Structure formats: C-alpha cells, structure tokens
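# Fold and contact review
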Amino acid sequence: MMRNTIAAAGFLAALTCLPGVIQAQQPAAPPAWAIGREGSGMAGTLAPHAPRLTVTPPAQLPLAAIRLPQGFTAEVYAHGMPGARMMAEGPNGTIFAGSRTIGRVYAITRNPDGTTRTRTLLQGLNQPNGIAVLDGNLYVIAINRVLRFDNIEQNLDNPGSGTDLTAAFALPTEEHHGWKFLTTGPDGRLYTNVGVPCNICDFNRDTHALLVSFRPDGSDRRIEARGVRNSVGMALHPVTRELWATNNGRDWAGNDIPNDTLHRVRRSGEDHGFPFCVGDWADPGAPSQRNCSEFVQPAALLGPHVAALGMRFYTGTMFPEAYRNQIFIARRGSWNRERLNGFDVVVAKLDAEGRVTAIEPFLEGLRDDANQRFLGRPVDVHVMRDGSLLVAEEQFGAIYRITYRQ
Amino acid sequence: MTLVAAALAATALFPAAAQDAARGAALAEARGCGGCHGAAGISEVANTPSLAGQPAEFITLQMILFREGLRQAAPMNALSQGLEDGQVEDLAAHYAALTPAAPPGRGAPDAALAERGQALSDRLHCGVCHLPDFSGRNQIPRIAGQREDFLRHTLAQYRDSQRRGTDTNMNAVMHGVTDAEIAALAHFMAQQR
C-alpha cells in the first residue's frame, strides 16, 4: 500500500517536471544527448546503452570474468536488483542502493548466516540515484524531488512516504542530467551535483554544472564548485576534508576527447571550466572561447567517455596500506566512442600533497575488447566497516564484495 | 584468457537462457494478449500496437515500466500486475520471434503524404536509432509497418509529454512537431515494408 502511494506520487512528480525538459529544448532539436553529433565524424549509430530492468539469476552474473590484483577476491554480495546504482550504508550496516530508470531504492541486510536479503524499499520514483544516510535517516534525491525517511533501519518493511524536502532544496527541474549523486560530509552537510541540461550549450552557470552542499533541511545552499559538467560521484577526503568529485566529459567531440576528469575542490566556489575547457583543451563547441588558465585544472584525467561515476576514499584497514586514502573510482563505460572504454574500477593514487600520481587498474574483465561487448557496468563503490569494498554493477543489478587476504 | 572467454559465452548482455518463446506463447494465450494485439501479434484494434517482431528488450522494458507505474497506459498497468520478471522476458521472446507484417486493414499509400513523412523522418534522424529500415534495436521499437493510428497517438503523446521512454529522448525529438507533420510521419512509417 505504502509502495503504491509512493509510486503514484513519483509519477506525479515525473509529470510536473516535464515542462522543465521542454523549456530546455529548441523546437525539433535532436535529443539532448545527440546535440553535437552532426559533423562529429563519429559513427551515427552510437547511442546510450539501455539498462536491463529484469532480475538476472546469480548463476548468470559475470563473477568468473572479474580480474583483480593479487590477493583480492570478488564475491556476489547481493543480486536480483535491476538497475542498482549508488550506495549508502546505515548505522546498523544496511546497504541502500538507488537506481535510475526502474525508479527503485533497494535495501540490503545481512542474515545471521552471512547471506544477504534484498528488499525493494521504494519504487515509482523518477531516477532516485541520490542516496545518503545521515544520523540514521535516509535521504533520497530523485529528479526534482528530495525525500527523507527517518530512522530508516527501524522501518525497512514500512518506510512510509517520507518527509518531502523538495521545496527547501529547490533544485532545478530538468530531466536531462537531472539525476543526482548524494553524499554526506563530516560537517554534517549533504553534498550533491546539478548537471548541465544538455551535452554542451549556453546555460546559467549559477544554477547548473555545479557541486553544491546544503544543511540536511535544505537550507544554506553553498556552491562548492562551478563549471563541473555532470558529476555523479564525490567524496570528502578523510584527512584534509577537501571535496573531490568525478565528472563526465561531453560527447561528440571525438573518440578520444575530451577526458572524463577528477576534480579537487580546494576552495568553495572556484570555476572548473565547463563548458569552456577540460584541462588545457579549449572546447571549440563552447558558446565562447576562453583562456583555459582561467580555470582550476583537473586533478587527473580519467579517460575519454569512460563515464567515471561513484568514487570513495579507501578508509579501511583490510587492504594493503598502499590503498589507504586512495580513491576507488567506478567507470561505468562508454557509449559515445567507437571502441568501448571503461567498464571497470580504477584507483587514483595520491601522494602526500594530494597530487594524483597515477590511475591504476583495479577491477577488470567486464569489457570484452575482441567482441566489443561488455559484461557489466560498475557504477559505484563503497567501503564497508570491515574494510571490504562493495562495487555496484548496474547492468545486471548486482553488488560485488571485494576482500583481501595476504 | 580462457576463463574470460568461457564467461563471455555464458553471459551475453541479455542471457538467452532467461527467455523462452514457447513459455511466452503459452502465457500470452493464457492472459489473452492476442485479444487486442492480435493472435500473431498483428493488431487489428484501433490505437493498439502490433508486437510481432519487436525487439525483446523493448517489450521487456515497456512491460516493466507498466508494472512499476512508470508508464501509464490503461489497461496495461492493471494487466501487467503480478507478472514476474521471467514471465515478462518470456512474453518478449515470444513477440520478438513472431514475423512482423502490416495490419490487414492498412489503407493504400498516399504518395504525397508519405513523401512529406519521409522528409520529416530524414530531418528528425529517425533512422539513426530505429535503424534505416525502422526495424528497431535493443530498447528502441520497430516502427516500420506499425498501425498508423497508434503511431499518430504515440508521437503526439511524446510531443505532449504524456509519455516517456526509458529516457526523454523522444520527448525532445518530437517537441514542436505539428499534428499535420505527425500524420505524415505516421503514414510514412506505417507504409514501410
């Protein structure tokens, strides 16, 4: 019953935000993701890959294909959750996972025997990708909808419809790049993103292409970074407390340009360059040309079209010391590239000053270069309290757990 | 490398073993799907789509959207309740395996209207996603030979934001397209094949 109520409300929310889509489009324009395709010289049949929205039996998961560095092992932690994406953990160890197309939030609990139980906690929401737990309360950001579910781990079988904080957060309403990443900071604030409602276009740089933070009630909005095209992954450094974020580069500029990027936010409000520059590359498709030295340079280049999404600092002790405070990054994998790129998890290695010294492979084997197919799309990572690493895989709706033994 | 290759063979993007067209045919019979969509998946009912030869992924996605209340289209929301994911995949495999054909009552082509529709299709790049023969792929439906009234209805729904796909691409494509243009586009597509 409660789930039906949420479903109906989610549909209404979807309807009410559609006018925003229309405003963002010119009459008879190509779809937003295709703007810039004309004249790009890239294969005209390139299009985003659709997710699988039905349950994949565990025996069909590509566990055997996963390759990890020496000493690491992957196991299936949870499965049967179509479209599972961004993760957050409750104080009692419940893992929550958001989604996009299928509109669900999942909850995964551990049984006494060590196996896991998955529930569809919420459904019918419009791309509830933003998931965070703060003080035992679950925050969910769907497109133009912010909900809080108090004491969620005491209410997994009856979450209710939540407290609607949409008006307080007053996020932009566009559907395109309107899905959110959400995380918490040690300052008790919620950190999220506002993507740009297009591939590349002239837009309001005070309202879009931002990293923003709020108090949990939606007040005190602060712009953490400008000119970040569409970040779907961020985390605060466990020692310096600086905000770091991944960012998706734009499409149709070529198979190898631009790169997706990793950003380090040293001071709130600085400009990271979109739509004008990615690093020292001045985008010829930008509304005007600017000198790239005006902008904060990315901390690292993460590869062209890889869709670098969820990222977390490794704060556990199970993995070798070399991983401590390094960044695990899920690269969901390309669509706007004639040869596949990404579909893996990498580690950004930082030196003592927080400079990125290397991007190293970590989880591989899901990209089949010979046949140009993929076996999975890692979308988020999460460090559990025992130091193991969860990897959410969207295409087949599974979460893998990676452990290390010497 | 051998291990990886073996895994590849077992796990295609959409594992074939999960779908069974024969089970889907039995389920379609039991559920009476053919009453509206036609016994062979060729619809003879106004504003009801033909499903024969649709990509399995397209049918699966739409059925999930119906079941989850993410796409509202009576009576499909009610009819899809209680279907397990595996049943949805079986239904999709069944309809994907049927041979597409134009509905029996398809009218004669209007050359001038079809020509306008073709020009519009070129302008809107329909063939990029739906493929040049409009047979569809993956989550993108076959529109060649679809019922003209259904195409008109659907295109207007996309234009008027009454329907979305798995994303908002079609809403963006159809924005600002007039009723007369939709009529031409629908006629052109319905007359393909």
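So, a few notes on the structure that sits alongside this text.

What counts, and where the lines are drawn
- Residues numbered from 1 in each chain as written.
- Chains lettered and ligands numbered in written order.
- Predicted model: local features only at pLDDT ≥ 70, side-chain atom pairs only at ≥ 80, totals over all residues.
- Pairing = 2+ DSSP bridges.
- Helix = DSSP H or I, 4+ residues; strand = E, 2+ residues; numbered from the N terminus.
- Axes fitted to C-alpha atoms, helices over the stretch in contact; angles between N-to-C directions.
- Buried ≥ 20, exposed ≤ 12 C-beta atoms within 10 Å, placed from the backbone.
- Contact = placed C-beta atoms within 7 Å.

As a further point, take the sheet that holds strand β29 (residues 398-404) of chain A. Residues and elements named next belong to chain A. Read from one edge of the open sheet, 4 strands run β1-β29-β28-β27, paired in antiparallel fashion. The strands lining the two open edges of the sheet, one partner per strand, are β1 (72-78) and β27 (378-383). Between one strand axis and the next, the sheet turns through 25° on average, direction left out of account. Sheet topology places strand β28 (residues 389-393) next to β29; 5 bridges connect them, and they run antiparallel. Within β29, the residue paired with Leu389 across the bridge is Ile402.

A few words now on the environment of A:Ala245. Residues and elements named next belong to chain A. Summarising the element assignment, Ala245 is placed in strand β15 (residues 243-247). Residue classification places Ala245 among the buried positions, given that 26 C-beta atoms sit within 10 Å. Spatially, the C-alpha atom of Ala245 lies 32 Å from that of Asn371, the residues being 126 residues apart in sequence. Ala245 has contacts with Leu211, Val228, Ser231, Gly233, Met234 and His263, leaving out every residue within four places of it along the chain.

For the rest of this paragraph, the subject is the sheet that holds strand β7 (residues 137-142) of chain A. Residues and elements named next belong to chain A. Strand order in the open sheet formed by 4 strands is β6-β7-β8-β9, with antiparallel pairing between adjacent strands. In this open sheet, the two strands that pair with only one neighbour each are β6 (130-134) and β9 (163-164). Alignment of β6 against β7, held across 5 bridges, turns out to be antiparallel. Across the sheet, the residue bridging to Leu134 is Asn137, located in β7.

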